[in-house]
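Each chain is listed here by its residues.
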Amino acid sequence: MSSSCSGLSRVLVAVATALVSASTSCPQAWGPPGVQYGQPGRSMTLCCPGVTAGAPVSWFRDGETSLLQGPDSGLGHELVLALADSTDEGTYICRTLDGALGGMVTLQLGYPPARPIVSCRAADYENFSCTWSPSQVSGLPTRYLTSYRKKTVPGADGQRMSLSTGPWPCPQEPPGAARCMVHGAEFWSQYRINVTEVNPLGASTRLLDVSLQSILRPDPPQGLRVESVPGYPRRLRASWMYPASWPRQPHFLLKFRLQYRPVQHPAWSMVEPAGLEEVITDAVAGLPHAVRVSARDFLDAGTWSAWSPEAWGTPSTGPLPKEMPAGGQPHMQREENPQANSPAPPRPSLLPDPRPLDHRDPLEQMAVLASLGIFSFLGLAAGALALGLWLRLKPDGKDGPQKPGFLAPMIPVDKLPGAPNL
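Everything numeric in this text was worked out from a predicted model, so none of it was measured.

Participant: Give a detailed account of the environment of F256, specifying residues and quantitative values.
Facilitator: Relative to the elements of secondary structure, F256 occurs in strand β18 (residues 254–262). Here F256 falls in the buried class, since its relative accessible area comes to 3%. The sequence separation of F256 and P220 amounts to 36 residues, and the corresponding C-alpha distance is 9.8 Å.

What follows is the structure in structure tokens.
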């Protein structure tokens, strides 16, 4: 009875193995030759690469002499691994009936791809780039397919957005990098980005809708310089330039913000300059200061850029620069050698600098002069009008009938008829 049960179990195992073999075909080559891929916990079918399909072979693990599967298994050139795990990874050798080497197969296990994480950014108003990263490590060779479409609004009637013609490829720069570029984009348009992760076990796609005005983030400003202001121990002058990636157009400008702090001070102070330079008026005398700037579209589209690399500067400790004499040669002062026993320099002052810094431009001065002229003219005109009214209403002092005028109804009481003489 036991022998019959044992024989029946062998038959069932053979039938099940045959069904697995019939339902699981050998995977196509993906990646390096001689490598097959599978998922842990799933059945795997390895195929001997150097023999005809169906030819009986014997299977061995590389470096081992024990037989894994003989030629009488009925599986031909295939080797079936049920519920493969990490211990099954490695190289397998198949041999023909005469002992000749049929081929070698390397098994690598991993997972199907998951939807990648995608983000896009525009460094200017004409081009944008998208980057991605896997949301799950598959452990298998992976490549990405990238494309994009332009989305348009058919009208203001509340209809859904319809996709325009496309898609177009989003070229990866450089090839194989996790980044693709879209050139010549329209600032007021919307785009749909398609990033598909592909590995030997499948594919997974992420779709992302973006608009340039929402993903706009300029590069940090360049050429930041920090200089002292001679004679002003509480002031520093910072200047910078537009980022090279931002086209200089009159209708697409940038605004800036500037942060500064003394050395060893963790807290930053911030101002928003009106142009490409700023004078810091509350620096700590005698201490180096770190300065950095950031940029954003002047209409607040997108977000602020990253901070520029820090630049350092120390306020001036010397006197005010003297004016140039009439001869055109500056007065030269003899430098004195510092004495070894000279007193220490005074400690930095934390009080604000009371001396003003007059850096108004000529246009501002002309506007002030024009305003003063207008107010002077109005004052003179008002004075002339008051003088004319006073002269017209002044009594001439002569007897006789007065001309009817502004004050004619006001007649003295003693001149009224019938008034008693007191």
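There's plenty left to go through after this.
Participant: Explain the pairing of strand β21 (residues 289–297) residue by residue, including any values.
Facilitator: Extensive coverage of β21 is indicated by the burial of nine of its nine residues. As paired strands, β18 and β21 are joined by nine bridges and run antiparallel to one another. Counterpart to L258 in the pairing with β21 is V293. Bridge count for β21 against strand β22 (residues 311–313) is three bridges, and the pairing is antiparallel. If you follow A290 over to β22, its bridge partner there is W312.

Participant: Help me get a handle on the side chain of S129, residues and values and all.
Facilitator: By secondary structure assignment, the location of S129 is in strand β9 (residues 128–133). Not counting residues within four places of it along the chain, the set of residues in contact with S129 comprises S119, C120, R121, R179, C180 and M181.

Participant: Give a description of the nonpolar core that names residues and reports values.
Facilitator: Among the nonpolar cores identified, the biggest contains 40 residues, and F128, Y191, I193, L258 and V291 are the most heavily contacted of them. With four residues, β18 is the largest single contributor of residues to this core. Once you skip the residues sitting within four places of it in the chain, F128 turns out to touch C120, R121, A122, C180, M181, V182, A185, Y191, I193, V210, L212 and I215. Residues W59, L79, C94 and V105 belong to the second largest nonpolar core, which totals 14 residues.

Participant: Describe the pattern of salt bridges, listing the residues and the values that go with them.
Facilitator: Tallied over the entire structure, the rule returns six salt bridges. Salt-bridge contacts for K151 lead to D209; the nearest nitrogen and oxygen are separated by 3.1 Å. In this pair, K151 is assigned in strand β10 (residues 143–152) and D209 in strand β15 (residues 202–211), connecting sequence segments 58 residues apart. Residue class for K151 comes out buried when judged on its relative accessible area of 12%. One salt bridge in this structure joins R192 and D209, with 2.7 Å as the shortest N-O distance. Of this pair, R192 sits in strand β14 (residues 190–199) while D209 sits in strand β15, placing them 17 residues apart in sequence. Connected via shared salt-bridge partners are K151, R192 and D209.

Participant: Explain the sheet that holds strand β8 (residues 117–121) to me, and be specific about the residues and the numbers.
Facilitator: The antiparallel open sheet is built from three strands, whose spatial order is β8-β9-β13. Edge positions in the open sheet fall to β8 and β13 (179–182), since each of these has one partner strand only. With direction set aside, neighbouring strand axes in the sheet form an average angle of 20°. Two elements, β9 and β13, share four bridges in a ladder whose sense is antiparallel.

Participant: Could you give an account of unusual backbone geometry, naming the residues involved and the relevant values?
Facilitator: In this chain, E173 is followed by P174 through a cis amide linkage whose omega measures -10°. Along the polypeptide, P174 turns up in the loop between β12 (168–169) and β13. One non-glycine residue, L83, lies in positive phi territory at about 50°. Within the fold, L83 resides in the loop between β5 (78–81) and β6 (90–95). Judged by its relative accessible area of 59%, L83 is exposed.

Participant: Account for the state of the cysteines, naming residues and giving values.
Facilitator: What the rule picks out here adds up to three disulfides. Across the disulfide from C120 sits C130; the S-S distance is 2.0 Å. Sign of the S-S torsion, about 100° for the bond between C120 and C130, identifies this disulfide as right-handed. Of this pair, C120 sits in strand β8 while C130 sits in strand β9, and the two are ten residues apart along the sequence. Between the sulfur of C170 and that of C180 lies a disulfide, 2.1 Å long from S to S. Judged by the sign of its S-S torsion, about 90°, the bond between C170 and C180 is right-handed. With C170 in the loop between β12 and β13 and C180 in strand β13, this residue pair connects regions lying ten residues apart in the sequence.

How each quantity is defined
- Residues numbered from 1 in each chain as written.
- Predicted model: local features only at pLDDT ≥ 70, side-chain atom pairs only at ≥ 80, totals over all residues.
- Heavy atoms only, no water.
- Helix = DSSP H or I, 4+ residues; strand = E, 2+ residues; numbered from the N terminus.
- Buried < 20%, exposed > 50% of the residue type's maximum accessible area, 1.4 Å probe, protein only.
- Pairing = 2+ DSSP bridges.
- Contact = heavy atoms within 4.5 Å.
- Core = buried A, V, L, I, M, F, W, Y, C linked by side-chain atoms within 4.5 Å.
- Salt bridge = Lys/Arg side-chain N within 4 Å of Asp/Glu carboxyl O.
- Axes fitted to C-alpha atoms, helices over the stretch in contact; angles between N-to-C directions.
- Disulfide = S-S within 2.5 Å.

The quantities given are spatial measurements derived from coordinates; they are silent on function.
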